[in-house]
Amino acid sequence: MPVKSFTADAEWNVGLQGQTDAGYRTLSYSGSLGGGTLQILSQVSDGDKTALPDTKLTVAKVDSNGDIIRQLVFRTSGNIFVTLTGSTAPTAKVSVQ
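Once a new chain begins, its residue numbering starts again from 1 and follows that chain's sequence as written. Since the coordinates come from a predicted model, pLDDT governs what is reported: local features require at least 70, and pairs of side-chain atoms require 80 or more to be given and counted, while whole-chain, interface and lining totals use all residues. The basis for every side-chain value is the complete set of heavy atoms in the structure, and neither hydrogens nor water enter the calculation.

**Details of the overall build of the protein chain**
Move 1: Every helix listed is a DSSP run of H or I at least four residues long, and every strand listed is a run of E at least two residues long, numbered separately from the N terminus. What the protein chain contains, in helices and strands, is zero helices and eight strands.
Move 2: For the protein chain, the N- to C-terminal ordering of α and β elements is β-β-β-β-β-β-β-β.
Move 3: To get the radius of gyration, use the C-alpha atoms; to get the globule rule, take the number of residues to the power 0.38 and multiply by 2.2 Å. For 97 residues, the compact-globule estimate of 2.2 N^0.38 gives 13 Å, and the protein chain sits close to it at 13 Å.
Move 4: Once the C-alpha set of the protein chain is aligned to its principal axes, its extents read approximately 35 × 30 × 25 Å.
Move 5: Three exposure classes are used, based on accessible area relative to the maximum for each residue type with a 1.4 Å probe and protein chains only: buried under 20%, partly exposed in between, and exposed over 50%. Considering the protein chain as a whole, with its 97 residues, one finds that 36% of them fall into the buried category.
Move 6: When checking whether two residues touch, look at their non-hydrogen atoms; a contact exists if any pair is within 4.5 Å. Contacts in the protein chain between residues at least 24 apart in sequence constitute 72% of all its contacts with a sequence separation of at least 6.
Move 7: Calculation of accessible area relied on Shrake-Rupley with a 1.4 Å probe; when residues are assessed, cover is drawn exclusively from the protein chains displayed. When the accessible surface of the protein chain is totalled, it reaches about 5,500 Å², and 45% of it is carbon and sulfur.
Move 8: Considering the protein chain, the positive charge centre built from 8 side chains and the negative charge centre built from 8 side chains are found 5 Å apart. Positive charges are assigned to Lys and Arg, negative charges to Asp and Glu, while His and the chain termini are left out of the count. Every charge is mapped to an atom, namely NZ of Lys, CZ of Arg, CG of Asp or CD of Glu.

**Focus: a nonpolar patch on the surface**
Move 1: A cluster of nonpolar side chains, contributed by Val59, Val62 and Ile68, occupies part of the molecular surface with about 210 Å² of accessible area.
Move 2: With respect to the element layout, Ile68 can be found in the loop between β5 (50-57) and β6 (71-74). Every patch collects residues that have over 30% relative accessible area and no salt bridge, joining them within 9 Å if they carry like charges and within 5 Å if they are nonpolar side chains (Val, Leu, Ile, Met, Phe, Trp, Tyr). One side-chain nitrogen of Lys or Arg within 4 Å of one carboxyl oxygen of Asp or Glu is enough to make a salt bridge.

**Here's the deal with unusual backbone geometry**
Move 1: Residues other than glycine seldom take positive phi values, yet Asp54 does so here, at roughly 60 degrees.
Move 2: Here Asp54 is to be found in strand β5.
Move 3: Residues other than glycine seldom take positive phi values, yet Ala89 does so here, at roughly 55 degrees.
Move 4: You can see Ala89 is positioned in the loop between β7 (79-85) and β8 (92-96).

**A look at the pairing of β7**
Move 1: Burial analysis of β7 places six of its seven residues in the buried class, which makes it a mostly covered element.
Move 2: For two strands to be treated as a pair, DSSP must find at least two bridges joining them. The pairing of strand β2 (residues 10-17) with β7 spans five bridges and is antiparallel. Paired with Gln17 across the two strands is Asn79, which belongs to β7.
Move 3: Note: strand β4 (residues 37-43) against β7, seven bridges, orientation antiparallel. Opposite Gln39, over in β7, you have Thr83 as the bridge partner.

**Some points on the side chain of Ser95**
Move 1: Its place among the elements puts Ser95 in strand β8.
Move 2: Given the relative accessible area of 11%, Ser95 is considered buried.
Move 3: Other than its neighbours up to four places away in sequence, Ser95 contacts Met1, Pro2, Val3, Thr26, Leu27 and Ser28.

**With respect to the sheet that holds β2**
Move 1: Ordered in space as β2-β7-β4-β5, the four strands form an open sheet in which the pairing is antiparallel. Looking along the sheet, the strands with just one partner apiece sit at the ends: β2 and β5. With direction set aside, neighbouring strand axes in the sheet form an average angle of 25 degrees. Only the contacting stretch of a helix is used when fitting its axis, a line to C-alpha atoms as for every element, and angles between N-to-C directions run 0 to 180 degrees.

What follows is the structure, encoded as structure tokens:
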């Protein structure tokens, strides 16, 4: 399972292909996004990176109990990238499985 600690805005090439036998992957994080936004992108061979729909995580995204959503499940093909933008002093540990 690839893991990266974000301490500033950055793009991370996760090094995984989106397709799996289970049909899905999971992104999760702990720590602080520093007010920023995590987003998942995918890039197929010779294509542009494309943001996956509904894959933005911020501290404002909460569940029905009011708890911050720190995990999401997604499906895609191609190489997976994760970006953190708009942050100030983040301490987020992000993993993709």
